[in-house]
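Survey of secondary and tertiary structure
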Amino acid sequence: EITFDGCNELVSRFEAVVKQPVTGGSSVYYTGVDLGTACVVLVVLDEHYKPVAGAYRYADVVRDGMVVDYIGAIRIVRELKEELEEKLGTELYFAAAAIPPGTDSLDGGAIKNVVQGAGFEITELLDEPTAANAVLKIKNGAVVDIGGGTTGISILKDGKVVYVADEPTGGTHFSLVISGAYQMSFQEAEVYKRKEENHKELLPVLKPVVEKVASIISRHIKGHDVQEIYLVGGTCCLTGIEAIIEKQTGIRTRKPENPMFVTPLGIAFSC
Ligand code: ATP
């Protein structure tokens, strides 16, 4: 049984230091770089592995875990790095990064090259579910990461990842549904979707696409002994998504207060 207390505390601390970095006093800094389909996130930890700064930017440089705009990706990571260096008054040298489960053979080192190209020394390249679990600390269950382009499913047994899958359905599809239903552009739909005050009204509209995600989850965890599902990833910020997934899969489904920054924090912890 996990309570998410440590995870919620870390995420709130991260959100606070994005606004107001904690400067000085650390001999070394560790950076986690999360290159996502929708969002590029940098998390900086101090020598005690406490979040001291962070930055994120919505960008279109990665699709379904693959870098599609290599130069653009390097530029964004470098800009965020410089922004944080200026705020912290120090240079950032070391970074860890993560790749979606099952893409290591396809990725061809692109994510690693982007992080290095932006001026970091890579200390660790790990898979996303392992990174998320550095914060969640789940022993048994499924971690479901619903991002922008994809849904990643990983099954943990005794704290180890025993099964991973990544499927191309995520928040982008949610935005496309909203765009169609409300006659909005994709960009407008994205902004509308991210506002919490719209979630109650959006949930029935998005129910079919959430059920599609739930059926993907069910398909992958079939045959495994999964008692609990833990939701992470930006799309899980949607209020009420957990209830639909729980009902559809028949498995207890839980999520931390802010599921968006769990994986980026976990990446930094693995630095
Ligand atoms: P992927 O894992 O597919 O590469 P990513 O790492 O960019 O993508 P995340 O940053 O975890 O994914 O999530 C991005 C998605 O979360 C986007 O589709 C975005 O619209 C959605 N999202 C972000 N905030 C919210 C919110 N408050 N409510 C609903 N959806 C949100």
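Bear in mind that the values here come from a model prediction, so they are computed numbers and not experimental data.

**Quick look at the site of the ligand**
Around the ligand there are 21 residues in total, and Thr 37, Ala 38, Gly 149, Glu 190 and Lys 193 lie nearest to it. One of the side-chain nitrogen or oxygen atoms of Glu 190 is found 2.7 Å away from an oxygen atom of the ligand. Secondary-structure elements contributing two or more residues to the shell around the ligand are helix 6 (171–182) and helix 7 (186–194). Of the residues forming the shell around the ligand, the biggest block, 3 residues, is contributed by helix 7.

**Details of the layout of surface pockets**
Summary: where empty space remains is shown by rolling a probe the size of a single water molecule over the atoms. Quantified by volume, the second largest pocket comes out at close to 150 Å³. Lining the second largest pocket we find Asn 140, Gly 141, Ile 155, Leu 156, Lys 157, Val 162, His 224, Asp 225, Val 226 and Gln 227. At 3 residues, strand 9 (residues 151–157) tops the list of elements feeding residues into the lining of the second largest pocket.

**Brief notes about helix 5 (residues 128–136)**
Note on helix geometry: an α-helix contains 3.6 residues per turn, so any two residues three or four positions apart are oriented the same way. Buried residues dominate helix 5, accounting for 7 of its 9 residues. Listing the buried residues of helix 5 in full gives Glu 128, Pro 129, Ala 131, Ala 132, Asn 133, Val 135 and Leu 136. Two residues or fewer past helix 5, Lys 137 is found with a positive phi of approximately 55°.

**Focus on the pairing of strand 6 (residues 94–99)**
Of all the 6 residues making up strand 6, 5 are buried; the element is thus mostly covered by neighbouring parts of the structure. As paired elements, strand 1 (residues 30–35) and strand 6 share 4 bridges and run parallel to each other. Pairing of Gly 32 across the sheet is with Ala 96, part of strand 6. Here strand 6 pairs with strand 7 (residues 121–127) via 6 bridges, running parallel. Its bridge partner being in strand 7, Ala 96 is matched across the sheet by Glu 124.

**Examining the pairing of strand 1**
The element strand 1 is largely enclosed, with a buried count of 6 among its 6 residues. Of the two faces of strand 1, both are covered, the one formed by Tyr 30, Gly 32 and Asp 34 as well as the one formed by Thr 31, Val 33 and Leu 35. In terms of strand pairing, strand 1 meets strand 2 (residues 39–45) through 6 bridges, oriented antiparallel. Across the sheet, Tyr 30 pairs through a bridge with Leu 45, a residue of strand 2. Hairpin connection between strand 1 and strand 2: a loop of 3 residues separates the two successive antiparallel strands.

**Focus on the packing of aromatic side chains**
In the structure shown here, the tally under the stated rule is 7 aromatic pairs. Measuring from centroid to centroid gives 4.9 Å for Phe 14 and Phe 261, while their planes differ by 55°, and the two rings are tilted. Taken together, the residues Phe 14 in helix 1 (residues 5–19) and Phe 261 in the loop between strand 12 (252–254) and helix 10 (262–269) connect sequence positions 247 residues apart. In this structure an aromatic cluster arises from ring pairing among Phe 14, Tyr 56 and Phe 261. The ring centre of Phe 120 lies 5.2 Å from the NZ or CZ of Lys 81, which sits over that ring. Sitting above the plane of the Tyr 58 ring, Arg 194 keeps its charged end 3.6 Å from the centroid.

**Focus: the sheet that holds strand 3 (residues 51–58)**
Pairing is mixed in the open sheet, where 5 strands are placed in the order 3-2-1-6-7. Only two strands of the sheet have a single neighbouring strand rather than two, namely strand 3 and strand 7. Adjacent strand axes in the sheet meet at a mean angle of 20°, parallel and antiparallel pairs treated alike. Packing against the sheet, helix 1 makes contact with strand 2 and strand 3, and its axis sits at approximately 75° to strand 3.

**So, the confidence of the model for the protein chain**
Residues of the protein chain with pLDDT of at least 70 account for 98%, and the chain-wide mean is 93. Interface confidence for the predicted complex, given as ipTM, is 0.98, next to a pTM of 0.91.

**A few points about the pattern of salt bridges**
Oppositely charged side chains may form a pair once their charged atoms are brought near each other. Tallied over the entire structure, the rule returns 11 salt bridges. Among the salt bridges present, the one from Arg 252 reaches Glu 228, with a minimum N-O distance of 2.6 Å. Taken together, the residues span a long stretch of sequence, with Arg 252 in strand 12 and Glu 228 in strand 11 (residues 228–232) at a distance of 24 residues. Owing to a relative accessible area of 12%, Glu 228 belongs among the buried residues under this scheme. Here Glu 242 ties to Lys 255 by a salt bridge, and the two come within 3.2 Å at their closest N and O atoms. Taken as a pair, Glu 242 in helix 9 (residues 241–249) and Lys 255 in the loop between strand 12 and helix 10 lie far apart in primary sequence, 13 residues in all. Residues joined by salt bridges that share partners form a network here, namely Arg 57, Arg 75 and Glu 79.

Scoring rules and cut-offs
- Within any chain, residue numbers begin from 1 and follow the written order of that chain's sequence.
- Selection of residues for local features in this predicted model requires a pLDDT of at least 70, selection of side-chain atom pairs for listing and counting requires 80 or more, and totals for whole chains, interfaces and linings are taken over all residues.
- Hydrogens and water are ignored here; the side-chain numbers use all heavy atoms of the structure.
- Any residue with a heavy atom lying within 4 Å of a molecule or strand is counted as near it.
- Throughout this description, a polar contact denotes any pair of N or O atoms lying within 3.5 Å of each other; where both atoms belong to protein, one of them has to be capable of donating a hydrogen while the other can accept it, and for residues adjacent in sequence the pair is counted only when both atoms sit in side chains.
- Helix and strand definitions follow DSSP, with helices as H or I runs of at least four residues and strands as E runs of at least two, each counted in order from the N terminus.
- Of the grid points, spaced at 1 Å and generated over the protein atoms alone, those admitting a 1.4 Å probe that cannot get out make up cavities, while open sets with protein on both sides within 12 Å along at least five of seven lines make up pockets; any residue with an atom within 4 Å of a point is treated as lining.
- Grid points are joined across faces, edges and corners, and a volume is the space filled by probe spheres set on the points.
- Burial classes follow relative accessibility: with a 1.4 Å probe on protein chains only, a residue under 20% of its type's maximum area counts as buried, one over 50% as exposed, and anything between as partly exposed.
- A pair of strands counts as paired when DSSP detects no fewer than two bridges linking them.
- By convention, a stacked pair of Phe, Tyr or Trp rings (six-membered ring in the case of Trp) has centres within 6.5 Å and planes under 30 degrees apart, an edge-to-face pair has planes over 60 apart, and any other such pair is tilted.
- Only when the NZ atom of a Lys or the CZ atom of an Arg is both within 6 Å of the ring centre and within 35 degrees of the ring normal do we say a charge sits over the ring.
- In this analysis, axes come from line fits to C-alpha atoms, helices being fitted only over the stretch in contact, and the angle between any two N-to-C directions falls in the range 0 to 180 degrees.
- Any two residues having at least one pair of non-hydrogen atoms within 4.5 Å are treated as being in contact.
- A score from 0 to 100, pLDDT tells how confident the predictor is in each residue.
- The term salt bridge refers to a pairing of a side-chain nitrogen on Lys or Arg with a carboxyl oxygen on Asp or Glu at a separation within 4 Å.

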